[in-house]
Amino acid sequence: MLSIGFYIKRFFSLLLTSVIFWCLAFSFFIMIRYFAFSQEITENNNDQIPITQWLDFGIWIGVILGIFYGIIEFLFERYLLKKQSIFLIILEKAFLYLIVLILSTTFISFLVESRLDKDIPNGHLWWLRSNTFWLVVGYFIIMSQILAFYKMANKKFGNGVLFNLLIGYYKNPQEEKRIFMFLDLKSSTTIAEQLGHLKYSRLIQDCFYDLNMVLNRYSAEVYQYVGDEAVINWKYKRGIKNNNCLKIYFSFDARIQRRKKYYLKKYGVLPNFKAGVHGGILTVTEVGVVKKEIAYHGDVINTCSRIQEECNTYGVSLLISDDIFKEVKKSTYKFSNLGNILLKGKEEPLKIYSVELE
């Protein structure tokens, strides 16, 4: 269950990141304006204002914009992202950010007047006629797109992967130690026949939305969605830490159970998922030209998929390999040793455990 504390922590993390980014962005903007347009900024060369004073105003606008930007992004991500179309969200954000920019730049103009004793345009609708204001708007759009691209890349590839892509780290295959979870909808064929493909797609969409609501808390990354299956992964130590690779399954299941009335009313079924978890060393590399992706290759992937397939055989929801069992903490969970099982396509048997909450 995701607590209030988790959302508070997530909000302040987003807020802090936003404030730091916009403070740096507008400090850079001030430096460009100062060195490239110093004649425009001051009345004459004998009255040159030190750049440190201008940077103060850059930090002020960065703090104001950062706070509002963080609040707006959090509210849209938390409450509106799933409910509205992308086009409508863009329009709403554009309107809100325009209002924020007008208010913040107006405040800064009064601040400049009081501190530097200069006459700055800030009368009624001053921003409509101000070239500087629209320059700020243009700069804000460019920087917000850079920030959005960074966030999108992190969501697609995982934290820290974007930098490795930029420097070409994955051009040559690299070895990494990771944990994978294959998460699949139980009785998917039966449910799809009952609902039809359109309604079934909406069900999967709702399920994966609920899954995304718990990913960050357990430091998990989505490798890919394949039909009604999600492939989740962690860096090995991050997946083992605090039993993240186990907790995420039960947190996801608890979230679906809390929304039982919603699922039964809308679809007439309560979705249940089965999962297999395994980890080890595999190869990571960059593939594709038109559609570039990070691909994982190795026995870990195949074994994890085969472990998940055994859930139906033993009538359980979560299975883990012996390698994971040896690493995780045993408190709060009930583990059952299913013995050495010869998985499909494997030559050597593998010890597997089922996992339940105590």
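For the structure itself, look to the data block above.
Residues numbered from 1 in each chain as written. Predicted model: local features only at pLDDT ≥ 70, side-chain atom pairs only at ≥ 80, totals over all residues. Heavy atoms only, no water.

Novice: What exactly am I supposed to notice about the overall build of the protein chain here?
Specialist: Looking only at helices and strands, the protein chain has 14 helices and eight strands in total. The C-alpha atoms of the protein chain give 26 Å as radius of gyration, which overshoots the globular expectation for 358 residues (21 Å, by more than 25%). In terms of its C-alpha atoms, the protein chain occupies a principal-axis envelope of roughly 85 × 50 × 40 Å. Counting every position in the protein chain, which comprises 358 residues, the buried fraction comes to 47%. Taking as baseline every contact in the protein chain between residues at least 6 positions apart, the subset at least 24 positions apart corresponds to 69%. Per element, the accessible surface of the protein chain, about 19,900 Å² overall, is 60% carbon and sulfur. Averaging the positions of the 43 positive and the 32 negative side-chain charges in the protein chain gives two centres separated by 6 Å. (Helix = DSSP H or I, 4+ residues; strand = E, 2+ residues; numbered from the N terminus. Rg over C-alpha atoms; globule rule 2.2 N^0.38 Å. Buried < 20%, exposed > 50% of the residue type's maximum accessible area, 1.4 Å probe, protein only. Contact = heavy atoms within 4.5 Å. Areas by Shrake-Rupley, 256 points an atom, 1.4 Å probe, with all protein chains shown as cover. Lys, Arg positive; Asp, Glu negative; His and termini not counted. Charge placed at Lys NZ, Arg CZ, Asp CG, Glu CD.)

Novice: Please explain helix H13 (residues 299-314) as it appears in this structure.
Specialist: Three or four residues apart is the spacing at which side chains of an α-helix point the same way, because the helix has 3.6 residues per turn. With 16 residues, H13 should reach 22 Å at 1.5 Å per residue; the first-to-last C-alpha distance of 23 Å fits that figure. Among the residues of H13, Val300, Ile301, Thr303, Cys304, Ser305, Ile307, Gln308, Glu310 and Cys311 are the ones counted as buried. A positive backbone phi angle near 65° is found at Gly315, which sits one or two residues after H13. (Expected span 1.5 Å × (residues − 1).)

Novice: I'm lost on a positive patch on the surface in this one. Help?
Specialist: A cluster of like positive charges, contributed by Lys9, Lys235, Arg238 and Lys241, occupies part of the molecular surface. With respect to the helices and strands, the residue Arg238 is situated in helix H10 (residues 236-240). (Patch = residues over 30% accessible without salt bridge, like charges linked within 9 Å, V, L, I, M, F, W, Y side chains within 5 Å. Salt bridge = Lys/Arg side-chain N within 4 Å of Asp/Glu carboxyl O.)

Novice: For this particular structure, what's the right way to read the packing of helix H9 (residues 197-215) against helix H11 (residues 244-258)?
Specialist: How two helices pack is summed up by the angle between their axes together with the distance between the axes. Packing of H9 against H11 leaves a shortest axis separation of 9 Å and a crossing angle of 130°. Relative to H11, the element H9 lies oblique. Relative to H11, H9 is oriented so that their crossing is right-handed. Of the residues in H11, those in contact with Cys207, Tyr209, Asp210, Leu211, Met213, Val214 and Leu215 of H9 are Ile248, Ser251, Phe252, Arg255 and Ile256. Across the contact of H9 with H11, the residue classes tally to nine nonpolar, one polar and two charged. (Axes fitted to C-alpha atoms, helices over the stretch in contact; angles between N-to-C directions. Parallel < 35°, antiparallel > 145°, perpendicular 65-115°, else oblique. Left-handed = near helix turned anticlockwise from the far one by under 90°. Nonpolar A, V, L, I, M, F, W, Y, C, P; charged D, E, K, R; others polar.)

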